[in-house]
Structure formats: C-alpha cells, structure tokens
Amino acid sequence: MTKRISLTQYLVEQQREHGHIPAQLRLLIEVVARACKRIAISVNKGALGEVLGSANSENVQGEVQKKLDIISNEVLIEANEWGGHLAAMASEEMDSIHVVPNRYPQGEFMLLFDPLDGSSNIDVNVSIGTIFSVLRKVNNQRGVSEEDFLQPGKQQAAAGYCIYGPQTTLVLTVGDGVAMFTLDREQGSWVLTEENVRVPEDTKEFAINMSNMRHWDDSVKRYIDDCLAGKDGPRGKDFNMRWVASMVADVHRILTRGGVFLYPWDKREPEKAGKLRLLYEANPMSFLIEQAGGMSTNGHQRIMDLQPVRLHERVSVILGSRNEVQRVTDLYAANK
Ligand code: AHM
Ligand code: MG
C-alpha cells in the first residue's frame, strides 16, 4: 500500500526540513483546513441543512449575501480567533477588519479570506470554494489597523483555497511550490494527493465570461478573436472554452491541466478595476499560479506587485499558462 501523507505530516516536514513554516503558521493552516472541513459539511447538506438561499442582507460591496456566505464567514472567524496565531482577519463579507479580541493572545499573522467564492453557484449545486491569504503583521506595535493589511501580494506568507466539488480538495502554497490535499471523508483527514503542481506553459483553453464581450477593451477583444479564429487564424490552433463562474473551479482546472483565466476590467467599470477582489481573490490565486510556474497580471503589471490602497479593492485579472498570459499582456502594451 502506498504511504499516505497527511496535511499535518506535510506541514511538520516543511517546518523541519525547509524552515518555511513557523509554528504559528502551521497552526494557522491547520485551523483553516479544519474550518474548511466544517464548511464542506454545510455545503454537502444543502437543502437538508436549510443553508441554501439568500440571507436578506448585503455585504460592503452591495452584493446580496447567501446564507452559506455568512455561515462560512462565521466558521472561519470562530475557528481562528482563539489560537494565538492571528492578530486580525479581513473578509470579503465584512465591512472592516476583525481584530482578535483582547481575551485571546495576539499572534504575528493576519488572515484574509473570501469565505465562499462563487456565490451564484451555491444553490445550483456547482463547485464553490474558500480562498485564503496569509500576511505577516509588519508593525511591531500592539494593535492592528486596516493599513496593516495593505501589503502587496508578493509579501504573502501562504495562500490557498478549498474547493467543494465532486471531491473536497485543499490547495496550498507556503512559497515552496503547490500541494493538493484531498479530504478523506471516512477518516476526516486531509491526504496529500499532488505535489509540485505545474501549470503547462502553453494551452488551448481559455476561460472568460463571453457575455461581457461588448464591454471589453481592444486588447482582450483581439486576444479572444484570435483564439476563436481557430487553426486557420493567427494562432494556428483550435481553442476550447470553459467558464464555471467560480474562480476556485476555473483556477483548479488551470492548475490541473493548464489554461488561461480572464476577468478583465471592462467599460462598465468607472475606475480601472475589474470585478474580482485584489486581497481576497487575485493575490492568493496569483501566488498559487506563480508557484506552479504560471503567470498573473492585471494586463499591465504583475498582480503581486500591486500596492493595495483599499481593503475591498477590485482588480483586473489575467492568470494561468505563462505564454498565454504573456500574450495578453503584450497586447495591452501594444494598445497603450
Ligand atoms: P463572488 O465572490 O461574489 O462569488 O464573485 C466572484 C466570482 C468568481 O468566483 C467568478 O470568477 C466570478 O465571480 C464570476 O462572475 P460572473 O458571474 O460575472 O461570470
Ligand atoms: Mg469571491
């Protein structure tokens, strides 16, 4: 029988052999993984758990919250606030940061998350997920403020997501490649099922919401037109298209077999930003994609170099197979 490596063993070995993971970070990742297990149970129950549907509330971005958005947010906060590994948390579903209450010790890390990404897919039984990002608190004073969270993505200490699909899979980077752990439901444990995940440099598959085509700018239009022209066009090959409308599912496919994902800025946006959130979605996914050998830009710049100015800031996202992302980014440069 092949030896099964648990998440705990993986983290202990990373800490021991490579020194990537200080003890607080190891605890943090284990706690997040445990919280994801609880979220997975709620997601699986669906209608039986009375967790489907809207919650009659809106988040800070004016989006209607689903019951499972709120449940997942609470699970993550409850699981993480008492362990002593965190100073504060920030979530797509909360207006402002959640500082660890005084009754608990304050840790050196800060956790950011989109508790349940792909909200439009919750009620229709399509894959959704939890995305998370970990930053170090850089100021040494006691207390933590929103500004402490405004760090470029390249400073992330760890990032990952858990996808609730046909399988429940936790995908993680601590800055030393990407590993995947599948939830063994009978044992209740995370088992290492993929290590050194690599995104192929080339692809014949793109992911974009085509219904927004009339709003795209010229660079994106040109790129997609060339793909659609197929093997008789300038690309000389036929392209396939996929769009799950859950970033976790689209990114998971790209980490598994390559591809390019675009949620670009479009002409409906008043400012030069896209739909996805820099701190909760774009940065953690960019960290994973880069660690797997892929590339991630906003069309002009590497996403992980961007200096955030606001907690809930949005950003244009183009990520995945290196040569495709480079191609889109070159088109932007040519259209300047
Ligand atoms: P959410 O965080 O409110 O769920 O929104 C983010 C999601 C992404 O998972 C996905 O890539 C995108 O929104 C889909 O948007 P659209 O419905 O415009 O295609
Ligand atoms: Mg989201």
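Residues numbered from 1 in each chain as written. Chains lettered and ligands numbered in written order. Predicted model: local features only at pLDDT ≥ 70, side-chain atom pairs only at ≥ 80, totals over all residues.

1. What about the site of ligand 1?
Part 1 of the reasoning: Looking at ligand 1, the residues that line it are Glu-63, Glu-92, Asp-114, Asp-117, Gly-118, Ser-119, Ser-120, Asn-209, Ala-245, Ser-246, Met-247 and Tyr-263.
Part 2 of the reasoning: Residues belonging to the shell around ligand 1 are distributed by class as follows: 3 nonpolar, 5 polar and 4 charged. (Near = placed C-beta within 6 Å. Nonpolar A, V, L, I, M, F, W, Y, C, P; charged D, E, K, R; others polar.)

2. Observations concerning the packing of helix H1 (residues 7-18) against helix H2 (residues 23-45)
Helix packing for two helices is described by the angle between their axes and how far apart those axes are.
Part 1 of the reasoning: Where H1 contacts H2, the two axes come as close as 10 Å, and the packing angle between them is 165°. Viewed along their axes, H1 and H2 adopt a mutual orientation that is roughly antiparallel. For the crossing formed where H1 meets H2, the hand is right-handed. Here Leu-7, Thr-8, Leu-11 and Gln-15 of H1 lie close against H2, whose contacting residues are Arg-26, Ile-29, Glu-30 and Ala-33. (Axes fitted to C-alpha atoms, helices over the stretch in contact; angles between N-to-C directions. Helix = DSSP H or I, 4+ residues; strand = E, 2+ residues; numbered from the N terminus. Parallel < 35°, antiparallel > 145°, perpendicular 65-115°, else oblique. Left-handed = near helix turned anticlockwise from the far one by under 90°. Contact = placed C-beta atoms within 7 Å.)

3. Description of the UniProt feature "binding site: Mg(2+) 2" (unreviewed entry) in the protein chain
Part 1 of the reasoning: Sites flagged by UniProt as "binding site: Mg(2+) 2" (unreviewed entry) map to Asp-114, Asp-117 and Glu-281. A stretch of 168 residues holds the annotated residues, and the largest C-alpha distance among them is 8.6 Å, short enough that they meet in one place.
Part 2 of the reasoning: Position of Asp-117 relative to the elements: it lies in strand S5 (residues 109-117).
Part 3 of the reasoning: By C-beta crowding, Asp-117 is classed as buried, having 28 other C-beta atoms within 10 Å. (UniProt positions renumbered as here; feature names shortened; annotations may be inferred. Buried ≥ 20, exposed ≤ 12 C-beta atoms within 10 Å, placed from the backbone.)

4. Things to note about the UniProt feature "binding site: Mg(2+) 1" (unreviewed entry) in the protein chain
Part 1 of the reasoning: The UniProt record marks Glu-92, Asp-114 and Leu-116 with the feature "binding site: Mg(2+) 1" (unreviewed entry), using the residue numbering of this structure. Over a stretch of 25 residues, the named residues converge on one spot in the fold, their C-alpha atoms separated by at most 9.2 Å.
Part 2 of the reasoning: Here Asp-114 shows up in strand S5.
Part 3 of the reasoning: By C-beta crowding, Asp-114 is classed as buried, having 27 other C-beta atoms within 10 Å.
Part 4 of the reasoning: In this structure, Asp-114 is in contact with Glu-92, Ile-131, Arg-277, Tyr-280 and Glu-281, ignoring residues within four places of it in sequence.
Part 5 of the reasoning: Beyond its immediate stretch of four places on either side in the chain, Leu-116 contacts Leu-68, Asp-69, Ser-72, Ile-122, Ile-128 and Thr-130.

5. Here's the deal with H2
Part 1 of the reasoning: With 23 residues, H2 ought to run about 33 Å at 1.5 Å a step, and its terminal C-alpha atoms sit 34 Å apart, in line with that.
Part 2 of the reasoning: Turning to H2, its buried residues number three or more, namely Leu-25, Arg-26, Leu-28, Ile-29, Val-32, Ala-33, Ala-35, Cys-36, Ile-39 and Val-43.
Part 3 of the reasoning: Directly after H2, the chain includes Gly-46, whose backbone phi takes a positive value near 50°. (Expected span 1.5 Å × (residues − 1).)

6. Things to note about the sheet that holds strand S13 (residues 260-263)
Part 1 of the reasoning: The 5 strands lie next to each other as S12-S11-S13-S17-S15, forming an open sheet whose pairing is mixed. Looking at which strands have only one partner, the edges of the open sheet turn out to be strand S12 (240-241) and strand S15 (295-297).
Part 2 of the reasoning: With 4 bridges connecting them, S13 and strand S17 (residues 317-320) associate as antiparallel partners. Across the sheet, the residue bridging to Leu-262 is Ile-318, located in S17.
Part 3 of the reasoning: Sitting on the sheet, helix H6 (residues 278-291) touches S15 and S17, and the angle it makes with S17 is about 25°. (Pairing = 2+ DSSP bridges.)

7. Considerations on unusual backbone geometry
Part 1 of the reasoning: For Asn-125, which is not glycine, the phi dihedral falls at a positive 60°.
Part 2 of the reasoning: Within the secondary structure, Asn-125 sits in the loop between S5 and strand S6 (128-136).
Part 3 of the reasoning: The phi dihedral of Asn-196 falls on the positive side, at around 50°, and the residue is not glycine.
Part 4 of the reasoning: On the secondary structure map, Asn-196 appears in the loop between strand S10 (189-194) and strand S11 (205-207).

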